[in-house]
Amino acid sequence: MRVRLTSMRSWLLAAMLAAGILSLVGAYLAIERIQHDAETRTDRTKDDQIVRAIAGQVERGAGASQLEAMQRVLPYDRIVVFRGRRQVYVGPPVDADLEVAVVHSFVGGRVTLLDYHTPDRSIAKELTLVAAGSILFVIVAAFVATTMLTRLLKAPIDRAAVAADRVARGDFGVRLAELGPGEFDRLTRAFDSMASRLESGEEDQQRFLTDIAHEIATPVNAISGLTGALLDGTITADAERAEARVLLGSETARLGAVLDDLRRLTRLDRNELVAFAPVDLADIANRAAIRFRRAAQDGGIELSVRGPTTVIETDRSLTETVIDNLVSNALRYTPRGGRIEVRIGRRGAEAVLAVKDTGIGIPAEHIGRIFDRFYRVDAARDRHSGGGGLGLSLASQAANAIGARIEVDSEVGSGTEFRLVMPVGGRTSPALSEHDQRVR
């Protein structure tokens, strides 16, 4: 960047010099032309008066001696006198350029006055020198200004370049703060915001990798230990073997769920095609209730579905992904004896699929980040409950893929309500029936 600024200053100086030279040449030619035209008009007027006076003298009988006396008074002019067709007098030649020729006729003849260029000092050069001084002053002032501007810009640009290099090397803690002139404020804010987000993302990613390693290591270690115990005969009793088989199944399912979430996120990141088709939201809600019925019963939680049949154009698989993750999240944070209600409704031209629980709630300071892929409100509690920190992120991306959004209202100690809001336009079918399924 420094080389570019210096080069720009050199090119600017060269351009100004070229423009100054062209301006001087143009000014000189213009001044000279204007001066020549003014002198020509003045000489013509003067010469016209002189030739009239000479013609009057000739007409009154002036001879050669008188004409020679008049010629001596006009050293840069040449008098030529004709009577009839005969030239009776001609002044000596003048070694100069002819400027004006004026003719005046009288009875019996004519007088011609040839006015040659006089050696009067031209003001064109003086005016050009004045213009040259002014242009030179402007060029010097502009050069000084560009030099100062270059030095003023180089320092903050160098700082920004160094900071960018540090970020590129992975040092996301660097900040520009006060970069320089006020015009750099926007760059400073944008850079610091980018660095802050990168730093936060790096921390979240490290935490996520730690969590994923734990989520995968826990079932893998359990599976490895149980398998080794079964193979080496450490577990021999039928009851122990049966319990080992159950644990192997649950840990395998847990590992499969984590990997399945990762695969789904990868597919959503790749913007795979969404298959829109008529889907009944009530049917999706009821099927989700059936899938989570056993988990709700084991946790002592009342799970219910309420709402009309509502058919819209959407992707069934992605919509099920959203509702499954919302219900799973509600089960994870709702204590025994609590309630979870899944509701289907309308809000103007939008369909709403809501999941409301009476769980522990989400602190207000965490609401803005709960959909971040690597973010957890309470990492320890979530890990203990079996979550990998991907559910809400997966739900948010699935909602975006079908053109929907997720809204959330929560109060600590009272519960949380997530709403999947989907645009339906004119494609929503009228309500046909009421569903009120309770799973206890």
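Just above sits the structure.
One structure accompanies this document, and this report is about it.

Each value, and the rule that gives it
Residues numbered from 1 in each chain as written. Predicted model: local features only at pLDDT ≥ 70, side-chain atom pairs only at ≥ 80, totals over all residues. Heavy atoms only, no water. Patch = residues over 30% accessible without salt bridge, like charges linked within 9 Å, V, L, I, M, F, W, Y side chains within 5 Å. Areas by Shrake-Rupley, 256 points an atom, 1.4 Å probe, with all protein chains shown as cover. Salt bridge = Lys/Arg side-chain N within 4 Å of Asp/Glu carboxyl O. Helix = DSSP H or I, 4+ residues; strand = E, 2+ residues; numbered from the N terminus. Core = buried A, V, L, I, M, F, W, Y, C linked by side-chain atoms within 4.5 Å. Buried < 20%, exposed > 50% of the residue type's maximum accessible area, 1.4 Å probe, protein only. Contact = heavy atoms within 4.5 Å. Pairing = 2+ DSSP bridges. Axes fitted to C-alpha atoms, helices over the stretch in contact; angles between N-to-C directions. Parallel < 35°, antiparallel > 145°, perpendicular 65-115°, else oblique. Left-handed = near helix turned anticlockwise from the far one by under 90°. Polar contact = N/O pair within 3.5 Å; in protein donor to acceptor, adjacent residues only side chain to side chain.

1. Describing a nonpolar patch on the surface
Phase 1: Taken together, the side chains of Leu136, Val140, Phe143, Val144 and Met148 present a nonpolar region at the surface, about 450 Å² in accessible area.
Phase 2: Residue position: Val140 is located in helix α3 (residues 124-168).

2. Side note on the nonpolar core
Proteins that are soluble and globular tend to have nonpolar side chains buried together.
Phase 1: Counting residues in each nonpolar core, the largest one holds 41 residues, and the members touching the most others are Val342 and Phe418.
Phase 2: Elements that contribute at least two residues to this core include exactly α6 (281-291), β6 (302-308), α8 (316-333), β8 (339-347), β9 (350-357), α11 (391-401), β10 (405-411) and β11 (415-423).
Phase 3: Broken down by element, the residue count for this core peaks at seven residues, all from α8.
Phase 4: In this structure Val342 touches Ala285, Leu303, Ser304, Val305, Arg306, Ile323, Val327, Leu353, Ala354 and Val355, once residues within four positions along its chain are discounted.
Phase 5: Counting 14 residues, the second largest nonpolar core, distinct from the first, contains Ile54, Leu74, Ile79 and Val81.

3. Let's talk about the pairing of β11
Phase 1: For β11, a buried count of eight out of nine residues is recorded, marking the element as mostly surrounded by other parts of the structure.
Phase 2: Strand direction decides the pairing type here: β9 and β11, joined by seven bridges, are antiparallel. The residue of β11 that forms the bridge with Leu353 is Leu420.
Phase 3: Here β10 pairs with β11 via seven bridges, running antiparallel. In the strand pairing of β11, Val408 is matched with Phe418.
Phase 4: Between the end of β10 and the start of β11, which pair antiparallel, lie three residues, with Gly413 showing a positive phi angle near 90°.

4. Regarding the packing of α8 against α11
Phase 1: Contact geometry of α8 with α11 gives a least axis separation of 8 Å together with a crossing angle of 150°. Classed by the angle they form, the pair α8 and α11 counts as roughly antiparallel. By crossing handedness, the relation of α8 to α11 is classed as left-handed. Judged by residue contacts, Leu318, Thr321, Val322, Asn325, Leu326 and Asn329 of α8 engage Gly391, Leu392, Leu394, Ala395, Ala398, Ala399 and Ala401 from α11.

5. Topic: α6
Phase 1: Along α6, the residues classified as buried are Leu281, Ala282, Ile284, Ala285, Asn286, Ala288 and Ala289.
Phase 2: N-capping of α6 is provided by Asp280, with a side-chain oxygen placed 3.0 Å from the backbone N of Ala282.

6. Topic: the environment of Thr334
Phase 1: Looking at where Thr334 falls in the secondary structure, it is placed in the loop between α8 and β8.
Phase 2: Assessed through its relative accessible area of 7%, Thr334 is described here as buried.
Phase 3: Excluding anything up to four places from it in sequence, Thr334 contacts Ile301, Arg339, Ile340, Asp357, Thr358 and Gly359.
Phase 4: One polar contact links the side chain of Thr334 to the main-chain carbonyl oxygen of Ala330, over a distance of 2.5 Å.

7. A word on the side chain of Arg419
Phase 1: In this fold, Arg419 is placed in strand β11.
Phase 2: A polar contact of 2.9 Å, which involves the side chain of Arg419, links it to the side chain of Asp409.
Phase 3: Not counting residues within four places of it along the chain, the set of residues in contact with Arg419 comprises Arg347, Val352, Leu353, Ala354, Arg405, Ile406, Glu407, Val408 and Asp409.

8. With respect to the pattern of salt bridges
Phase 1: Under the definition given, this model contains 16 salt bridges.
Phase 2: Between Arg343 and Glu417 there is a salt bridge, and its shortest N-O distance comes to 2.7 Å. You can see Arg343 sitting in strand β8 and its partner Glu417 sitting in strand β11, a full 74 residues away along the chain.
Phase 3: Judged by relative accessible area, which is 26%, Arg343 ranks as partly exposed.
Phase 4: Look at the salt bridges and you will find they share partners, linking Arg306, Glu341, Arg343, Arg347, Glu350, Arg405, Glu407, Asp409, Glu417 and Arg419 into a network.

9. Considerations on the packing of α6 against α8
Phase 1: Two numbers describe how α6 lies on α8: the axes approach to 10 Å, and their chain directions differ by 50°. Judged by the angle between their axes, α6 and α8 are oblique. Where α6 crosses over α8, the two elements pack in a sense that is right-handed. On α8, the residues touching Leu281, Asp283, Ile284, Arg287, Ala288 and Arg291 of α6 are Arg316, Thr319, Glu320, Ile323 and Asp324.

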